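# Summary of structural features
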Amino acid sequence: MTEPLASLLTALDLTDTGARTSEDIFTGPSQWMPLGRVFGGQVLAQSIVAASRTVPDGRAIHSMHGYFLRPGDVNLPITFSVDRIHDGRSFSTRRTQAYQSGQPILSMIASFQDEDEGLSHQVEMPTDIPDPETLPNSADSLENVEHPVAQYWASERPFDIRHITSPIYLTVDGEHVANQAVWFRSIAALPDDPDLHRAALAYASDYTIMESVMRRHGVAWATPGLRAASLDHAMWWHRPARVDEWLLYVQESPSASGGRGLALGRIFSRDGRLVASVAQEAMVRVPLA
């Protein structure tokens, strides 16, 4: 297993402190990030792991709504408190708060369900999508850029991300449209733990979704003066999937206003199953001309 993926697994291997008030308490480390701020997808995934540790066996997460409250510091541990709000016959509800230095940095509520039978349908996966093997990865686009963030994105992330048709790291090529798609998978195999794969899917879902907002306005990550941050994140898990196999993430932005942009995403397995749906609002501010 490569170091970036080992770092992710270490971050998701939370410690049960044994402390009990009215809530369950866990702690976890952060992955290193070049700008010193905790990656939002990491704290989301950790919060899911913490909540999952408190539900009855056989209940898997099916929905999550989280708010990013403060930037996290990668040099400090994170404490997670889980409130066991409700356990019903088929569903469990949990609220997870993530803290650093006594201050909340994320608040999340999640629902878990027993495996059940029911009605089933889904939207179809797009058919005009090139195979991931035919697309360049992040290292191909950024390996010669001498900037710590670019170097981290090129070789230190635990996921291989391939844009269709081109990334927006340095420039926004082609038509400025409010949609895009990416293929992604972990850079090596992960353990056979369905809960881990669900948490890792939430982690990866935060990487590129706001790019549908940026692409619409020709804003690349390298745009001088760009300020961008996730404000909230919602996710629904529809069907099981492995994140160490290629997944297609189709993204679109229906609206941007007031310094905020809304992005929606659908994640498909390579064989066309709709795995998850995602929604995120982000702050996106650029200097006015």
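Up top is the structure.
Structure report, in brief. (Residues numbered from 1 in each chain as written. Predicted model: local features only at pLDDT ≥ 70, side-chain atom pairs only at ≥ 80, totals over all residues. Heavy atoms only, no water.)

Attention shifts here to the overall build of the protein chain. The secondary structure content of the protein chain amounts to 6 helices and 12 strands. Against the compact-globule benchmark of 19 Å for 289 residues, the protein chain has a radius of gyration of 18 Å, which places it among compact chains. For the C-alpha atoms alone, the extent of the protein chain along its principal axes is close to 55 × 45 × 40 Å. A total of 289 residues make up the protein chain; the buried ones form 50% of that total. When contacts within the protein chain are restricted to residue pairs at least 6 apart in sequence, long-range pairs at least 24 apart make up 72% of them. Surface accessibility of the protein chain: about 13800 Å² in total, with carbon and sulfur atoms responsible for 51%. Across the protein chain, the mean location of the 23 positive side-chain charges is 6 Å away from that of the 35 negative side-chain charges. (Helix = DSSP H or I, 4+ residues; strand = E, 2+ residues; numbered from the N terminus. Rg over C-alpha atoms; globule rule 2.2 N^0.38 Å. Buried < 20%, exposed > 50% of the residue type's maximum accessible area, 1.4 Å probe, protein only. Contact = heavy atoms within 4.5 Å. Areas by Shrake-Rupley, 256 points an atom, 1.4 Å probe, with all protein chains shown as cover. Lys, Arg positive; Asp, Glu negative; His and termini not counted. Charge placed at Lys NZ, Arg CZ, Asp CG, Glu CD.)

To continue, consider the packing of helix α2 (residues 40–52) against helix α5 (residues 194–205). Taken N-terminus to C-terminus, the directions of α2 and α5 make an angle of 160 degrees; their axes are 7 Å apart at the nearest point. Comparing the axis directions of α2 and α5 gives the class roughly antiparallel. Note on packing geometry: the crossing formed by α2 with α5 is right-handed. For the pair α2 and α5, the contacting residues are G41, Q42, A45, I48 and V49 in the first and A199, A202 and Y203 in the second. In terms of residue class, the contact of α2 with α5 is made up of 6 nonpolar, 2 polar and no charged. (Axes fitted to C-alpha atoms, helices over the stretch in contact; angles between N-to-C directions. Parallel < 35°, antiparallel > 145°, perpendicular 65-115°, else oblique. Left-handed = near helix turned anticlockwise from the far one by under 90°. Nonpolar A, V, L, I, M, F, W, Y, C, P; charged D, E, K, R; others polar.)

What follows is about unusual backbone geometry. Of note, the amide linkage connecting I164 to T165 takes the cis form, showing an omega dihedral of 0 degrees. With respect to the helices and strands, the residue T165 is situated in the loop between β7 (159–164) and β8 (179–186). In this structure, S101 is a non-glycine residue whose phi angle is positive, near 50 degrees. Its place among the elements puts S101 in the loop between β5 (91–100) and β6 (103–114).

To continue, consider the packing of aromatic side chains. The full count for this structure, using the stated rule, is 10 aromatic pairs. Ring geometry for W153 against Y169: centres 5.6 Å apart, planes inclined by 50 degrees, an arrangement best described as tilted. Placement of the pair is W153 in helix α4 (residues 148–155) and Y169 in the loop between β7 and β8, with a sequence separation of 16 residues. Taken together, the aromatic side chains of F39, F159, F184, Y203, Y207 and Y249 make up a single cluster linked through ring pairs. Directly above the ring of Y207 sits R157, whose terminal nitrogen or CZ lies 4.8 Å from the centroid. (Phe/Tyr/Trp six-rings, centres within 6.5 Å; stacked < 30°, edge-to-face > 60°. Lys NZ or Arg CZ within 6 Å of the ring centre and 35° of its normal.)

A rise of 1.5 Å per residue sets the reference length of α5, with its 12 residues, at 16 Å; its end C-alpha atoms lie 16 Å apart and thus fit the reference within 8%. With 10 of its 12 residues buried, α5 lies for the most part within the structure. Every buried residue of α5 is listed here: L196, H197, R198, A199, A200, L201, A202, Y203, A204 and S205. Its side-chain oxygen placed 3.0 Å from the backbone nitrogen of D195, D193 serves as the N-cap of α5. (Expected span 1.5 Å × (residues − 1). Polar contact = N/O pair within 3.5 Å; in protein donor to acceptor, adjacent residues only side chain to side chain.)

What follows deals with the sheet that holds strand β3 (residues 59–68). Strands sit in the order β1-β2-β4-β5-β6-β3-β9-β12-β11-β10-β8-β7 across an open sheet of 12 strands; the sheet is antiparallel. Looking along the sheet, the strands with just one partner apiece sit at the ends: β1 (15–20) and β7. Here the average twist between neighbouring strands, direction ignored, is 25 degrees. Looking at chain direction, strand β11 (residues 260–269) and strand β12 (residues 274–285) are connected through 9 bridges and run antiparallel. (Pairing = 2+ DSSP bridges.)

What follows deals with the pairing of strand β9 (residues 227–237). The sheet contact formed by β3 and β9 spans 5 bridges and is antiparallel. Its bridge partner being in β9, Y67 is matched across the sheet by D232.

Attention now moves to α2. The periodicity of an α-helix, 3.6 residues per turn, causes residues three or four positions apart to be oriented the same way. If you check α2, its first and last C-alpha atoms are 18 Å apart, about what 13 residues at 1.5 Å a residue would give, namely 18 Å. A large share of α2 lies buried, amounting to 13 of its 13 residues.

Next up on the list: the nonpolar core. The biggest cluster of nonpolar side chains holds 71 residues, and the ones touching the most others in it are V43, M64, F159, F184, L201, M235 and I267. Not counting the four nearest positions on each side in its chain, M235 is found in contact with H62, S63, M64, L201, A202, S205, I267, A276, S277 and V278. Judged by nonpolar contacts, the second largest core, of 9 residues, contains A181, W183, F268 and L274. (Core = buried A, V, L, I, M, F, W, Y, C linked by side-chain atoms within 4.5 Å.)

No statement about biological role is implied by the geometric values presented.
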